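Understanding the architecture of this molecule
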Amino acid sequence: MTKDPFVAHRSLLFTVAYEMLGSSADAEDVLQESWLRWADVDRAQVRDPRAYLVRTVTRQALNRLRTLSRSREEYVGEWLPEPLLTSPDVADDVELAENVSIAMLTVLETLGPTERAVFVLREVFEMPYGEIAEAVGKSAAAVRQIARRARDHVAARRPRVPVSRSEQQAVVERFLAALRTGQLQELLDVMAPDVVLIADGGGLAAAAPAPIHGAALVAKMLARPDRVVSAVWLNGAPAGRIEIDGRVAAVSLVVEDGKVVRIHAIANPRKLSRLDEPAELTR
């Protein structure tokens, strides 16, 4: 029996929804809603199932994103995307790995819902403007303008210097080794002077309520030896998993010029359910 197109493209559809929402739980809900709609479709009328399904998922994700806007405004402390455990193979697709990174998803959070959808579909999945227009309910000309604004917005906020996979991994390993020892100087050596730590506890775990700026303050907060630190791959990049007194946090790093310039620490337990099961992300 031929595999159903929804099943065949499920990893792609999940990736689209996750890129738009930054949450695997919300992405799974969107896929469930999209599946119910797909089940009622006359398949004989669908010329391109992949494109049709991407449009369907995009519309459902847009609806979900608009309803989430208020709850995220009321979120306790800093909001960060939900980290996903991935295999190192995801990093082989450099563009995909960059676009599903915690750093990029954090930047995408500053876009409006339609801008985010257009950026994701065009820049990540390279969909034609006409198909994007149909998915978001705009004209192709309007979509081109939205895409240009979104690109400029993201370019002004994304990491300035691309880092090779080997350099990223080396710096992350140094950082995790410093965390294991809890030595203040080792942490200072691996961080840029103007490093920023952003922590997400969601009101359910201890976390700084606002970003912490500067290597001295960040190192002082992190320099404690009573933790278990392990290396993992999150969102297509080397990262860390930290356990303190049975509590877990995921740590994703932005690296520039051989130093850590930004630390994203996710401690909200509701966002850590996918740390033991690898997610399949694809384009």
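Every chain is numbered independently, its residues counted from 1 as its sequence is written. Where totals are concerned, whole chains, interfaces and linings use all residues; where local detail is concerned, this predicted model gives features only for residues with pLDDT of at least 70, and gives and counts side-chain atom pairs only at 80 or more. Computation of side-chain values covers all heavy atoms of the structure but excludes hydrogens and water.

1. Quick look at the side chain of Thr15
Put simply, the rule reads: In DSSP terms, a helix is any run of H or I states spanning at least four residues, a strand is any run of E spanning at least two, and both are numbered starting from the N terminus. A 3.5 Å cut-off defines polar contacts: any pair of N or O atoms within that distance qualifies, except that in protein one atom must be a possible hydrogen donor and the other a possible acceptor, and neighbouring residues in sequence count only when both atoms are side-chain atoms. We call two residues in contact whenever any of their non-hydrogen atoms come within 4.5 Å of each other.
Along the chain, the position of Thr15 falls in helix H2 (residues 10–21). A polar atom in the side chain of Thr15 sits 3.0 Å from the backbone nitrogen of Thr282. When neighbours within four sequence positions are excluded, Thr15 is seen to be in contact with Leu96, Val100, Phe125, Glu280, Leu281 and Thr282.

2. Some words on the packing of aromatic side chains
Quick note on the threshold: Aromatic rings from Phe, Tyr and Trp, taking only the six-membered ring of Trp, are treated as a pair when their centres fall within 6.5 Å; an angle between ring planes under 30 degrees marks them as stacked, one over 60 as edge-to-face, and anything in between as tilted. Here's how the labels work: a residue is buried when its accessible area is under 20% of the maximum for its type, exposed when over 50%, partly exposed in between, all with a 1.4 Å probe on protein chains only.
With the rule as written, the count across this model stands at 3 aromatic pairs. Measuring from ring centre to ring centre gives 5.2 Å for Phe6 and Trp35, while their planes differ by 65°; the resulting arrangement is edge-to-face. Remark: Trp35 occurs in helix H3 (residues 24–39) and Phe6 occurs in helix H1 (residues 5–8); sequence separation between them is 29 residues. Judged by its relative accessible area of 6%, Phe6 is buried. Here Trp35 falls in the partly exposed class, since its relative accessible area comes to 31%.

3. Notes on the sheet that holds strand E6 (residues 259–266)
Short version of the rule: For two strands to count as paired, DSSP must find a minimum of two bridges between them. Inter-axis angles, ranging from 0 to 180 degrees, are taken between N-to-C directions of lines fitted to C-alpha atoms, where helices are fitted over the stretch in contact.
The strand order across the open sheet built from 6 strands is E2-E1-E6-E5-E4-E3, with neighbouring strands paired in mixed fashion. Each edge of the open sheet is held by one strand with a lone partner, namely strand E2 (212–213) and strand E3 (228–234). Pairing geometry for strand E4 (residues 237–244) and strand E5 (residues 247–256), over 5 bridges, is antiparallel. When the bridges of E5 are listed, Gly240 appears paired with Val251. Across the sheet, helix H10 (residues 165–181) lies against strand E1 (191–200), E3, E4, E5 and E6, angled at about 160° from E3, the strand it touches most. Set on the sheet, helix H12 (residues 215–222) makes contact with E1, E2 and E6; between it and E1 the angle comes to about 50°.

4. Re the nonpolar core
General note: in soluble globular proteins, nonpolar side chains tend to be found buried as a group. For clarity, the cut-off: Throughout, nonpolar core names a set of buried Ala, Val, Leu, Ile, Met, Phe, Trp, Tyr and Cys residues whose side chains join them through atoms within 4.5 Å.
Formed by 51 residues in total, the largest nonpolar core has its most connected members in Met20 and Leu108. If you list the elements that add at least two residues to this core, you get H2, H3, helix H4 (49–73), helix H6 (102–108), helix H7 (113–124), helix H8 (129–136) and helix H9 (140–155). For this core, the leading source of residues is H2, giving 8 residues. If near-sequence neighbours (up to four positions away) are discounted, Leu108 is found in contact with Glu19, Arg116, Phe119, Val120 and Val154. Counting 27 residues, the second-largest nonpolar core is a separate cluster that includes Val171, Ala219, Leu222 and Val255.

5. Thoughts on the confidence of the model for the protein chain
Any residue range with low pLDDT should be treated as having predicted coordinates unsuitable for detailed reading. Put simply, the rule reads: Every residue carries a pLDDT, the predictor's confidence in it, which falls somewhere between 0 and 100.
For the protein chain, per-residue confidence averages 93 on the pLDDT scale, and residues scoring 70 or more make up 99% of the total. For the protein chain, the element scoring lowest by mean pLDDT is helix H5 (residues 94–99), at 89; E2 scores highest, at 98.

6. A word on the environment of Asp29
Mapped onto the elements of the fold, Asp29 is located in helix H3. Of note is the side chain of Asp29, whose polar atom sits 3.3 Å from the side chain of Arg64.

7. Brief notes about the packing of H4 against H7
Basically, it comes down to this: Working definition: roughly parallel below 35 degrees, roughly antiparallel above 145 degrees, roughly perpendicular at 65 to 115 degrees, and oblique for all remaining angles. Each crossing gets its handedness from the near helix: less than a right angle anticlockwise from the far helix is left-handed, clockwise is right-handed. Classes in brief: Ala, Val, Leu, Ile, Met, Phe, Trp, Tyr, Cys and Pro nonpolar; Asp, Glu, Lys and Arg charged; the others, Gly included, polar.
One way to put it is that H4 packs onto H7 with a least axis distance of 9 Å and a crossing angle of 140°. Taken together, H4 and H7 sit at an angle that is classed as oblique. The chirality of how H4 crosses H7 is right-handed. On H7, the residues that touch Val54, Thr58, Leu62, Leu65, Arg66 and Arg72 of H4 are Pro113, Thr114, Arg116, Ala117 and Leu121. Taken together, the residues of the contact of H4 with H7 sort by class into 6 nonpolar, 2 polar and 3 charged.

8. Describing H2
To keep things clear, this is the line we draw: The length a helix should cover is 1.5 Å for every residue beyond the first.
Its 12 residues place the ends of H2 16 Å apart at the C-alpha level, agreeing with the 16 Å of an ideal helix rising 1.5 Å per residue. The element H2 is largely enclosed, with a buried count of 10 among its 12 residues. Check the buried side of H2 and you find it contacts H1, H3, H4, H5, H6 and H7.

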